[in-house]
Amino acid sequence: PLTLEEVRMLVELFYLPYHHGALAQELLEHFRWLRANSLSVGVPATAPDACGGTRWRGRAQSFQLLCARTCRLHSRFVSTASGALLYDLHPYLWDIRNLLLAASAFVLWLGCQSITAPMLLGRDAEPWARRGGLFGELQALLPVGNSCDLFYHPPPLFPSSQLYLLRPLLPLDKLGSEEEGCSEVSQGLEAQLSHAPALPGRLLGSFLSLSPEYTFVLEDEGGPCGYAAGALHAEGFLQQRDSSWLPAIRHKYPPELGTGGPALGQEAVLFFHAEPLAVPQPVLRRFPSLVQLGTAPRVLDVGASRSLALCLLSALRANGSRGVFCQVRDADRQQLSFYSKLG
């Protein structure tokens, strides 16, 4: 059964509509402070005020630990609560878990930035558009907090106790070939998410080479199981991809490499040689950033996918993006369904 400490955590997360318990208050205070003081992250270690960066990282670590405790509470609650109690309280705890996954990854991302994000938040949302309690206050602190459609999804019919970790691609991730932008993490994702034999870089290569600072990884107990990748300035990204990255990949994987092999192998090679479709200028003007997301088939919890989208969109919005688009083939029903479920 749940321990007394876990029950206390549950109560403190949902204390009173306008009064938070100690755990919820601590989460909010850390997140507000970290967001407000993200300037200190990029200060060089030799600067006189470098201690501000050390303090920021200390509080970021405390916030990460609190988020992880809450995610473990969700997992434990699903595993141990009685049926009636589970279906009464799970939607609320599931929402908080998803939001904290995104908030935790966003704070980690802020800590990786060498320049300060401007945090362009735009106008405030109407009061009725945001939920009350801890969820609503956390939502308001994310840069995409006013995009209310991103935050409302029905909970899964069958709750899952799976634990997830969501994080940006870190400098510690071992990079392989520079031209492919292929890391150990991306190789694991390619193998699980690609329908064809995994040629390195097919899904994520261009993003990891040209826009690694906007790449996020979802992990479960089996390893990497999802990703979100983006390019802040899509027009420049697409030009660079077509002029430098694609020619290098095409040289490495000539068309004859797939000749005589299995059909899927040929498809994987020809993928790089197909001429990419041009994005119309009106689209680029209105939606200047490009995004791409995907999860492995074993990720059945749409909440984890939603958290991926939230942290990527928050990172892009924090650096000034005012709109995003994604490219999907009209025959790819699976991807169309995936993005539609995310809203």
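Look up a bit, the structure's there.
If you're wondering where the values come from, they're calculated on a predicted model, not measured in any experiment.

Trainee: Sorry if this is basic, but what is going on with the overall build of the protein chain here?
Mentor: A tally of helices and strands in the protein chain yields twelve helices and five strands. In the protein chain, buried positions account for 48% of the 343 residues. Looking at the protein chain alone, contacts between residues at least 24 apart form 73% of all its contacts between residues at least 6 apart. Carbon together with sulfur atoms contributes 59% to the accessible area of the protein chain, which is approximately 17,100 Å² in total.

Trainee: What is the right way to read the nonpolar core from this model?
Mentor: What tends to happen in soluble globular proteins is that the nonpolar side chains get buried as a cluster. Of all hydrophobic cores here, the largest spans 66 residues; its most connected members are Phe 31, Phe 216 and Leu 293. In terms of residue count, the dominant contributor to this core is helix H4 (residues 83-112) (13 residues). Residues from two domains meet in this core; each of domain 1 (1-154) and domain 2 (162-342) gives at least three. Listed in part, the 15 residues of the second largest apolar core include Phe 237, Leu 238, Val 279 and Leu 290.

Trainee: Hey, could you run me through the side chain of Gln 64 in this one?
Mentor: In this structure, Gln 64 sits in helix H3 (residues 51-80). Beyond its immediate sequence surroundings of up to four residues, Gln 64 is in contact with Ser 104, Val 107 and Leu 108.

Trainee: It is not clear to me how the sheet that holds strand E4 (residues 289-295) should be interpreted in this structure. Could you clarify?
Mentor: In any sheet, the strands associate via hydrogen bonds between backbone groups, in a parallel or an antiparallel arrangement. Within the open sheet, the five strands sit side by side as E1-E2-E3-E4-E5. Their pairing is mixed. Both outer strands of the open sheet, strand E1 (165-168) and strand E5 (324-325), are each paired with one neighbouring strand and no more. Two elements, E4 and E5, share two bridges in a ladder whose sense is parallel. Note on E5: the bridge partner recorded for Leu 290 is Phe 325. Strand contacts of H4: E1 and strand E2 (215-220), with the helix running at about 25° to E1, the strand carrying the most contacts.

Trainee: I tried to follow the pairing of E4 on my own but got confused; where do I start?
Mentor: Successive side chains on a regular strand alternate, one facing one side of the sheet and the next facing the other. Buried residues dominate E4, accounting for six of its seven residues. Across six bridges, strand E3 (residues 223-231) lies against E4 in antiparallel orientation. Counterpart to Tyr 227 in the pairing with E4 is Gly 294. Traced from E4 through helix H11 (residues 302-318) to E5, the parallel crossover comes out right-handed.

Criteria and cut-off values
- Residues numbered from 1 in each chain as written.
- Predicted model: local features only at pLDDT ≥ 70, side-chain atom pairs only at ≥ 80, totals over all residues.
- Heavy atoms only, no water.
- Helix = DSSP H or I, 4+ residues; strand = E, 2+ residues; numbered from the N terminus.
- Buried < 20%, exposed > 50% of the residue type's maximum accessible area, 1.4 Å probe, protein only.
- Contact = heavy atoms within 4.5 Å.
- Areas by Shrake-Rupley, 256 points an atom, 1.4 Å probe, with all protein chains shown as cover.
- Core = buried A, V, L, I, M, F, W, Y, C linked by side-chain atoms within 4.5 Å.
- Domains from an automatic or database assignment.
- Pairing = 2+ DSSP bridges.
- Axes fitted to C-alpha atoms, helices over the stretch in contact; angles between N-to-C directions.
- Right-handed = clockwise from strand over helix to strand, strands pointing away.

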